[in-house]
Structures are given as structure tokens and as C-alpha cells.
Amino acid sequence: MKKNKIITYTFFIILGMIVVPTIYKIYTNHNNNLERVIKEEFLYQAKICYKENNCESKVLLKDLYEKEYLKEKLTNPLNKKYYEDNSYIDLEKNEIKLIS
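Predicted model, so just to flag it, every value in this text is computed and none were measured.

Engineer: Teacher, can you tell me more about the side chain of S87 here?
Structural biologist: Position of S87 relative to the elements: it lies in the loop between α2 (61–66) and β2 (88–90). Among the polar contacts made by the side chain of S87, one reaches the main-chain amide nitrogen of I99 at a distance of 2.9 Å. Those residues in contact with S87, other than ones at most four positions away along the chain, are F42, V59, L60, L61, K97, L98 and I99.

As C-alpha cells, then:
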């Protein structure tokens, strides 16, 4: 009887060692992809604004709202808060700074 318990416990421990890290990796990868979508949208609209000579190389999120490149306010997908209007993207340095 004790051998069966040891084999069962070992099986569940090994299963847990496989399942828990896998779920964690999937969860973090999903969150990273959600953030990447927002950054790509911001970058895309900023490049359009810059190419049409409506914005400078440092594009503020506020400028994109005012010039109607972005119709809806961008939100952080993880905590559902709006990004601040002073968030910016520097097209020369490829630096994106989104402030929640």
C-alpha cells in the first residue's frame, strides 16, 4: 500500500513540475503580446503622422488624439487604465514610453 502512495505522490509532483511552469509561461507570453499590440498601434499611427508632416520625430500620444490619428484612447491591457497624454514615441531612437 505504501508503494502505491509513493508512486501516486511522485506522479503528481512530476505533473505539477511540468504544468505550473507551462501555465506561467503561457500567461506571461500572452500579457507580453497584449502590450506589444498597443505599442505597435502607437508606432504605426506615429509613423503615419510623421510621414504626413503633421508631427515631429518625437510624437506625443496627445498629438495623435488631437489630430485624430487615434480615435479611441489607448489603455493598458493588463490593468485597464488609460495611458497618459504625455506618453511619447521617439521615431529617431525607436523609443516608446507609455505611461499608465
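On we go from here.
Engineer: What am I meant to see in the packing of aromatic side chains here?
Structural biologist: The description of two aromatic rings rests on the distance between their centres and on the angle between their planes. Tallying each qualifying case throughout the model produces 1 aromatic pair. Ring geometry for F11 against F12: centres 5.6 Å apart, planes inclined by 65°, an arrangement best described as edge-to-face. Seen from the ring of Y88, K58 lies directly overhead, with NZ or CZ sitting 4.3 Å from the centre. The positively charged end of K73 is found above the aromatic ring belonging to Y82, 5.3 Å away from the centroid.

Engineer: So what exactly am I meant to see when it comes to the state of the cysteines here?
Structural biologist: Joining two cysteines, a disulfide is a covalent bond between their sulfur atoms. Following the criterion strictly, the structure yields 1 disulfide and no others. Disulfide partner of C49: C55, at an S-S distance of 1.7 Å. The sign of the S-S torsion, about 70°, decides the handedness of the disulfide formed by C49 and C55: right-handed. Here C49 falls in the buried class, since its relative accessible area comes to 0%. The class of C55 is buried, set by a relative accessible area of 10%.

Engineer: Is there a simple way to explain the nonpolar core in this structure?
Structural biologist: Within the largest apolar cluster, 17 residues are counted, with the highest numbers of intra-cluster contacts made by F42, V59, L61, L64, L74 and I89. Elements supplying a minimum of two residues to this core: α1 (2–51) and α2. The dominant element in this core, judged by the number of residues it contributes, is α1, at 5 residues. Other than its neighbours up to four places away in sequence, F42 contacts V59, L61, L64, L74, S87, Y88, I89, I96 and L98.

Engineer: Help me understand the sheet that holds β2 in this model?
Structural biologist: For sheets, the rule is that strands pair by backbone hydrogen bonds, running either parallel or antiparallel. The strand order across the open sheet built from 3 strands is β1-β2-β3, with neighbouring strands paired in antiparallel fashion. Either end of the sheet is taken by a strand with one partner, and the two such strands are β1 (58–60) and β3 (95–97). Each neighbouring strand pair of the sheet contributes to a mean axis angle of 10°, computed without reference to strand direction. As judged from the 3 bridges shared by β1 and β2, these two strands associate in the antiparallel manner. What sits directly across from K58, in β2, is D90.

Thresholds applied
- Residues numbered from 1 in each chain as written.
- Predicted model: local features only at pLDDT ≥ 70, side-chain atom pairs only at ≥ 80, totals over all residues.
- Heavy atoms only, no water.
- Helix = DSSP H or I, 4+ residues; strand = E, 2+ residues; numbered from the N terminus.
- Polar contact = N/O pair within 3.5 Å; in protein donor to acceptor, adjacent residues only side chain to side chain.
- Contact = heavy atoms within 4.5 Å.
- Phe/Tyr/Trp six-rings, centres within 6.5 Å; stacked < 30°, edge-to-face > 60°.
- Lys NZ or Arg CZ within 6 Å of the ring centre and 35° of its normal.
- Disulfide = S-S within 2.5 Å.
- Buried < 20%, exposed > 50% of the residue type's maximum accessible area, 1.4 Å probe, protein only.
- Core = buried A, V, L, I, M, F, W, Y, C linked by side-chain atoms within 4.5 Å.
- Pairing = 2+ DSSP bridges.
- Axes fitted to C-alpha atoms, helices over the stretch in contact; angles between N-to-C directions.

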